[in-house]
Amino acid sequence: MKKKFCKKCKILVKGDKCPICGGNSFTETYYGLVAVIDTNKSKMAKELDITIPGEYALKVR
Ligand SMILES: [Zn+2]
């Protein structure tokens, strides 16, 4: 199965709706992947404005 990401939140979605916004607008076209485990310690999380741990795409289309 291909990885899919929420177009809005850029988070990796495993079910049929986004765990953050609850939306179902996904894309399989993405660039880069970043895993955020601790949002407080991750510099990347701050830069990307991520507040919920998970896997994120750097860019989606
Ligand atoms: Zn979302």
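Here the structure is shown first, and the text comes after it.
These numbers come from a predicted model, not from an experiment.

Draft legend 1. Representation of the overall build of the protein in the model. The helix and strand tally for the protein stands at one helix and four strands. Listing the helices and strands of the protein from first to last along the sequence gives β-β-β-α-β. Taken over the C-alpha trace, the protein has a radius of gyration of 11 Å; the compact-globule value for 61 residues is 10 Å, and the two agree within 12%. Summarising its shape, the C-alpha atoms of the protein cover approximately 30 × 20 × 20 Å along the three principal directions. Scored against the burial criterion, the 61 residues of the protein give a buried share of 28%. Contacts in the protein between residues far apart in sequence, at least 24 positions, make up 44% of those at least 6 positions apart. As displayed, the protein has an accessible area near 4,500 Å², and 51% of this comes from carbon and sulfur atoms. Counting 13 positive and 6 negative side-chain charges, the protein places the centres of these two groups 4 Å from one another.

Reading guide: rules and limits
- Residue numbers restart at each chain and count upward from 1, following the sequence in its written direction.
- Residues qualify for local features only when their pLDDT is at least 70, as the model is predicted, and side-chain atom pairs are given and counted only at 80 or more; totals for whole chains, interfaces and linings, by contrast, use all residues.
- Side-chain figures throughout are based on the complete set of non-hydrogen atoms in the structure, without hydrogens or water.
- The way it works is that DSSP assigns letters per residue, a run of H or I at least four long becomes a helix, a run of E at least two long becomes a strand, and they are numbered from the N terminus.
- For the radius of gyration, the atom set is restricted to C-alpha positions; the globular benchmark scales as 2.2 Å times the number of residues to the power 0.38.
- Here the term buried applies to any residue with accessible area under 20% of the maximum for its type, exposed to any over 50%, and partly exposed to those in between, with areas from a 1.4 Å probe on protein chains only.
- Residue contacts are counted whenever heavy atoms from the two residues lie within 4.5 Å of one another.
- Note on areas: these come from Shrake-Rupley sampling with a 1.4 Å probe, and a residue is covered only by the protein chains present in the view.
- Lys and Arg are tallied as positive, Asp and Glu as negative. Neither His nor the chain termini are counted.
- Every charge is mapped onto a representative atom, which is NZ of Lys, CZ of Arg, CG of Asp or CD of Glu.

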